[in-house]
Amino acid sequence: MHALDVLGDPVRRRILELLAEGELGAGEIGECVQQEFGISQPAVSQHLRVLREHGFATVRADGRRRLYAVDARGPQEARDWLTPFERFWLPALDALGTELARGRRQRRLAADATPSADDGPAPSAGVGTSRSSTEPLSTTSTSASPAPTHAAPGIRPVAAHSPKES
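Residues numbered from 1 in each chain as written. Predicted model: local features only at pLDDT ≥ 70, side-chain atom pairs only at ≥ 80, totals over all residues. Heavy atoms only, no water.

Before going further, it helps to spend a moment on the overall build of the protein chain. Scanning the protein chain from N- to C-terminus turns up 6 helices and 3 strands. When the helices and strands of the protein chain are placed in sequence order, the string is α-α-β-α-α-β-β-α-α. Looking at the 166 residues of the protein chain, the share that counts as buried comes to 18%. Contacts in the protein chain between residues far apart in sequence, at least 24 positions, make up 52% of those at least 6 positions apart. With an accessible surface of roughly 12,500 Å², the protein chain has 55% of that area assigned to carbon and sulfur atoms. (Helix = DSSP H or I, 4+ residues; strand = E, 2+ residues; numbered from the N terminus. Buried < 20%, exposed > 50% of the residue type's maximum accessible area, 1.4 Å probe, protein only. Contact = heavy atoms within 4.5 Å. Areas by Shrake-Rupley, 256 points an atom, 1.4 Å probe, with all protein chains shown as cover.)

On to a nonpolar patch on the surface, then. On the surface, W81, L82, F85, F88, W89, L90, L93, L96 and L100 cluster together into a nonpolar patch covering about 850 Å² of accessible area. Counting residues per element, the nonpolar patch draws most heavily on helix 6 (residues 90–113), at 4 residues. If you trace the backbone, L93 turns up in helix 6. (Patch = residues over 30% accessible without salt bridge, like charges linked within 9 Å, V, L, I, M, F, W, Y side chains within 5 Å. Salt bridge = Lys/Arg side-chain N within 4 Å of Asp/Glu carboxyl O.)

Evaluation of the coordinates by the stated rule reveals 7 salt bridges. Note that E17 is salt-bridged to R14, the shortest N-O span being 3.4 Å. With E17 and R14 both in helix 2 (residues 10–20), this residue pair falls 3 residues apart, about one helical turn. Classification of E17 by relative accessible area gives partly exposed; the value is 46%. For E53, the salt bridge is made with R49, and the minimal N-O distance between the two is 2.7 Å. Placement of both E53 and R49 in helix 4 (residues 41–53) is noted, with a separation of 4 residues, approximately one turn of the helix.

Take the sheet that holds strand 1 (residues 24–25) next. Spatially, 3 strands are ordered 1-3-2 in an open sheet, and the strand pairing comes out antiparallel. Two strands lie at the open edges of the sheet, namely strand 1 and strand 2 (57–62), each paired on one side alone. (Pairing = 2+ DSSP bridges.)

This is the structure we're talking about:
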């Protein structure tokens, strides 16, 4: 049986999720899985046997108890098989990470630019300001300038449209 066939069964995946939390006794696993899936104790034992035989779980005796734990061999086999396909999802995940970081940065800058109650009244935009025409605008300006159009590799920026273009 291939590693992904072993993982294809929801009961076995659930058992692995339980074991990922730490070593558990067969009774504890059975109790949880029987309740969630409505299967018998012998069926749980069969799933545990499949996990053991295919390198996903180990078992050790502790008196009369049988304690199960995750065996790294099975998950590693599944990972090895999936590795050539990572090129299909890793760039999208990298781009998502970039966008999330950009959003956090923009929220942080917006929070830094928002005056607190202790700072006094916020300056009005353009009225009564004494900035000279040659003085550069601050990078944390709260003016209504368009958002930056930088995009992560593989993501096209959305073009801003002015009302006149419609």
